[in-house]
Amino acid sequence: MSETATGVSVKGANQTGGAAGNNSFVVVANRLPVDMITEADGAKTWQASPGGLVSALSPVLEKHQGCWVGWPGVADESPEPFRTERGVLLHPVELTQYDYEEFYEGFSNATLWPLYHNLIVTPEFNRSWWDAYRDVNLRFATEVASVAAHGATVWVQDYQLQLVPGILRQLRPDLTIGFFLHIPFPPPEIYRQLPWRDEMLRGLMDADLIGFHLVSNVRNFVELCRSYDFEISGDITIREAGITITTPSGHKLGVGAFPISIDTSAMATPTASGSHEEADEALEQMHLDMGSPSTVFLGVDRLDYTKGILQRLLAFEELLDSGALDPADVALVQLATPSRERIDSYRITRSNVEEAVGRINGRFAQIGRPVVHYQHRSVSKDVLMRYYRLADIMLVTPFRDGMNLVAKEFVATRADSSGALVLSEFAGAADELTQAHLCNPFDIEDTKKAMLQAAWGLKDNPEMMKERMASMYNQVMEHDVDLWASAFLSALDKARA
Ligand code: GDG
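To keep things clear, this report deals only with the structure shown in the data block. Small disclaimer: the values here were computed from a predicted structure and weren't measured.

Of the regular secondary structure elements, the protein chain holds 16 helices and 20 strands. With respect to the three principal axes, the spread of C-alpha positions in the protein chain is 70 × 55 × 40 Å. Buried positions account for 56% of the 497 residues belonging to the protein chain. When the accessible surface of the protein chain is totalled, it reaches about 19,800 Å², and 47% of it is carbon and sulfur. Seen as two clouds, the 42 positive and the 66 negative side-chain charges of the protein chain have centres 3 Å apart.

Right, dumping it as C-alpha cells:
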C-alpha cells in the first residue's frame, strides 16, 4: 500500500502500472451523460441529462469512441457498463446515499462550489464531507485504472474529482492525465480558506496538464502555486499550456486557459426532428400563445444562486414598474432547470425566484397573459432551441460563472444577426463575447440599463445591433467545442512528451 500526496491510501499501487483495460481515451466526470430512470413497471431506462459539461463533452467522446466513467445519477445502483448508440462506452461508478449526501451535496456543492464562486453563499467546512470526498475520489480513480489501456489518455473533469489525478498517478504511472476545471478558480486568499487546501492542490499537481476556462483563472492558480515549493516558468497563454510547473518530486505539468465552447453544428439545424417549415410554424404558434409580445426576454439556467435569476427578475420588475417597459408589449420567459434541490441555499433561491415570478405576474399580468413565463423543469434540446430562436433579448446575468454555454448557444442560433445578448461581466463568456450588452449583476441599475439599451437598440439602431451580433456569431463559430477539446488534448500530448 502506498500513500499519495493527498493522504489517500492506495492498495496495489506500483511503479509499473496496474491491470489495464482496453480504452485508450477515458473521460471521468462526476456524472455520466445520462440519468438512470425507473419506469412505473420497475424497468430501468436511460435519459440524456442536461448540463454544461455534458453538452461540451458528448461530441468529443463520440468522436474518439471513448469511455466515460461516472455516476449514473441514482444512489445505490450499479448498472453494468454499456455502449451508447453513438459508440461511447459508459462505465457507471456506484455512489451510496451516504456518498451522495456527503461527497456530492456536501463537499462538492456546499463547500467547493460556493468557495470557487467567490463566496456568493458561505461555504461549509465539514470534516466528514472531506473524508467522503477522498473516499469517492479513490473509487473513481480505481474504476478509471481498471478501464484505461496501457498508456491511455485520461481526462479528469471538474471540481468533484480534484484528487483523482494524484491517486491515478500512483495506481497507473503509465497514463497521461489531463484535468479541466469547469468552474472559476478563485483568488488565492479565498482558496486558502479551505482547511484541506494543501492536499487538494497536491492531488491536482500530479496531472500532466491542468486547464481552466480563463486567463484570470490561470493567474489565480499560478499565484496560489507561488506560495508553495513549486518552480514556475513561462507565460499564460490561451489554448496552449504556456505555464510549466515543476513539483519538488521533479514532475512537470502544463497549465493553460482553454475557453470551452459549444457544438455549433448541432445548433445550426432548427430541430433534430422535423423540417425547417415545421420548426417555423411551431415558433410562430409559441409567439401567438404568448399573446404576440413585441419583445421577448429569455433566461435559461440551472436553478442555481450563482446564475442571478432573482436579480434579473427584480430588474425586469422595476422596468415594468417605472413604465420603461410596457407589460402589454413585453414578456420574459425563464426556464429554470431543477438543480441540487435538497441543499438549503438552492431551496431558498427557488423560493425567492418563484415568489418574484408570482408577484410580478400579480402586479402586471392580465388573466391568460402572463408577463413572466416560468418553467421549473428541463425541456428537450429541440424545445430549448425553439426558445432561443423565439427570444429577442437573451439575459445571462450570473454573479459568477466559469464560462456559460447558454450565452454561446443563443448566439449560435443567430446566423441572421438578429437579437441581442445581455451578459454579466462575471460570466467567463464575457471575455470572448465583448459585443454583448455587458452588465454588473450586483448593480440592479446597471442591469436595467443593459436590458433597456438592448431593447432600444433593436428598435432604434437595428444595423448597429446586427453588427454586434454578427461579430459574436463569428466568434462562436470560429471557436467551437472541437477547438476546445483538440487544443486541450494536443497540449496534453505535448505536456506529457
Ligand atoms: C458548468 C459551469 C460552464 C439547460 N437547461 C436545459 C438544458 N440546459 C443546457 C444548456 C447548456 C447547459 O445545460 C448549461 O451550461 P452552462 O454553461 O450555462 O452552465 P452549468 O450547468 O453551470 O455548467 C459553466 C460549463 O460547466 C461548461 O464548462 O460553462 O460555467 O458552471 O448547454 O443548453 N438542456 C436541455 N434542457 C434544459 O432544460 N436539453
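With that settled, consider a negative patch on the surface. On the surface, Glu277, Glu278, Glu281 and Glu284 cluster together to form a negatively charged patch. Tracing the backbone through its elements, the reader meets Glu284 in helix H9 (residues 276-289).

This part covers the packing of aromatic side chains. Across all of its chains, the model carries 28 aromatic pairs by this definition. Ring centres of Phe107 and Tyr133 lie 4.6 Å apart, and the angle between their planes is 45 degrees; this geometry places the pair in the tilted category. Here Tyr133 lies in helix H3 (residues 127-147) and Phe107 lies in helix H2 (residues 97-116), a separation of 26 residues in the sequence. On the basis of an interplanar angle of 70 degrees and a centroid distance of 5.3 Å, the ring pair of Phe258 and Phe488 is categorised as edge-to-face. Residue Phe258 is located in the loop between strand S14 (252-257) and helix H8 (264-268), and its partner Phe488 is located in helix H16 (residues 481-496); the two are separated by 230 residues in the primary sequence. Through a chain of ring-to-ring contacts, the aromatic side chains of Phe103, Phe107, Trp130, Tyr133, Phe140 and Trp196 assemble into a single cluster. The ring of Trp113 has Arg340 sitting right over it, with the charged end atom 4.2 Å from the ring centre.

Strand order in the open sheet formed by six strands is S17-S16-S15-S18-S19-S20, with parallel pairing between adjacent strands. Every interior strand has two partners, whereas the edge strands, strand S17 (372-375) and strand S20 (437-439), have only one. Neighbour to neighbour, the strand axes of the sheet diverge by 15 degrees on average, direction disregarded. Helix H13 (residues 405-412) contacts strand S15 (295-302), strand S18 (393-396) and strand S19 (420-424) of the sheet and is inclined by roughly 170 degrees relative to S19. Here helix H14 (residues 444-460) sits on the sheet in contact with S15, S18, S19 and S20, set at roughly 170 degrees to S20.

Attention shifts here to the environment of Asp344. In this structure, Asp344 sits in helix H11 (residues 344-364). Judged by relative accessible area, Asp344 falls into the exposed class, the value being 52%. Counting along the chain gives 234 residues from Asp344 to Ala110, while the straight-line C-alpha distance between them is 9.3 Å.

Turning our eyes to something else, we now look at the nonpolar core. If you look at the biggest cluster of nonpolar residues, it comprises 71 residues, and the most contacted ones within it are Met200 and Phe221. Beyond its immediate stretch of four places on either side in the chain, Phe221 contacts Phe185, Leu201, Leu204, Met205, Ile210, Phe212, Ile245 and Val255. With 64 residues, the next largest nonpolar core counts Phe25, Leu53, Leu209 and Met286 among its residues.

Taken as a whole and judged by the stated rule, the model has 27 salt bridges. Taking the shortest distance from any N to any O, the salt bridge between Arg302 and Asp304 comes out at 3.1 Å. On the basis of relative accessible area, Asp304 is assigned to the buried category, the value being 1%. Across the salt bridge formed by Glu317 and Arg359, the nearest N and O atoms sit 2.8 Å from each other.

Looking now at helix H4 (residues 164-171). Across the eight residues that make up H4, a large majority, seven, are buried. When we look at burial in H4, the residues that qualify are Val164, Pro165, Gly166, Ile167, Leu168, Arg169 and Leu171.

Turning to the site of the ligand, a few remarks are in order. If you check the shell around the ligand, you find 24 residues, and the closest are His182, Val379, Asp401, Leu405 and Glu409. Within the side chain of Asp401, one N or O atom sits 2.5 Å away from an oxygen atom of the ligand. Coverage of the ligand by the protein amounts to 94% of the 730 Å² it exposes when considered alone. For the shell around the ligand, the secondary-structure elements that each account for two or more residues are helix H1 (52-64), helix H12 (381-390) and H13. By residue class, the composition of the shell around the ligand is nine nonpolar, 10 polar and five charged.

Rules behind the numbers
- All residue numbers refer to positions counted from 1 along the written sequence of the respective chain.
- Owing to the predicted nature of the model, reporting of local features is limited to residues with pLDDT of at least 70; listing and counting of side-chain atom pairs is limited to 80 or more, with chain, interface and lining totals taken over all residues.
- Hydrogen atoms and water are omitted, and side-chain values are computed over all heavy atoms in the structure.
- The helix and strand labels rest on DSSP assignments: H or I over at least four residues marks a helix, E over at least two residues marks a strand, and numbering proceeds from the N terminus.
- Accessible area is worked out with a 1.4 Å probe on protein chains only. A residue is then buried under 20% of its type maximum, exposed over 50%, and partly exposed in between.
- Only the protein chains shown count as covering a residue, and every accessible area follows the Shrake-Rupley method with a 1.4 Å probe.
- Under the convention used here, Asp and Glu are negative, Lys and Arg are positive, and both His and the chain ends fall outside the count.
- Taken as the charge location is NZ of Lys, CZ of Arg, CG of Asp or CD of Glu.
- A residue counts toward a patch only above 30% relative accessible area and without a salt bridge, and it is joined to like-charged neighbours within 9 Å or, for Val, Leu, Ile, Met, Phe, Trp and Tyr, to nonpolar neighbours within 5 Å.
- By convention in these notes, a salt bridge is any Lys or Arg side-chain nitrogen within 4 Å of a carboxyl oxygen on Asp or Glu.
- Pairing of aromatic rings covers Phe, Tyr and Trp, the last counted by its six-membered ring, and requires centre-to-centre distances within 6.5 Å; plane angles under 30 degrees mean stacked, over 60 mean edge-to-face, and any other angle means tilted.
- In this analysis the charged atom, NZ for Lys or CZ for Arg, is taken to sit over a ring once it is within 6 Å of the ring centre and within 35 degrees of the ring normal.
- At least two bridges found by DSSP between two strands are what make those strands a pair.
- Here an angle of 0 to 180 degrees is reported between the N-to-C directions of two axes, which are lines fitted to C-alpha atoms, with helices fitted over the stretch in contact.
- The contact rule is simple, with two residues in contact once any of their heavy atoms fall within 4.5 Å.
- What is meant by a nonpolar core is a set of buried Ala, Val, Leu, Ile, Met, Phe, Trp, Tyr and Cys residues, joined one to another through side-chain atoms within 4.5 Å.
- By convention in this text, a residue qualifies as near a molecule or strand provided that one of its non-hydrogen atoms is within 4 Å of it.
- N or O atoms within 3.5 Å of each other form a polar contact, as long as, within protein, one can give a hydrogen and the other can take it, and as long as residues adjacent in sequence are counted only when both atoms are side-chain atoms.
- Basically, the charged four are Asp, Glu, Lys and Arg, the nonpolar ten are Ala, Val, Leu, Ile, Met, Phe, Trp, Tyr, Cys and Pro, and anything else, Gly included, counts as polar.

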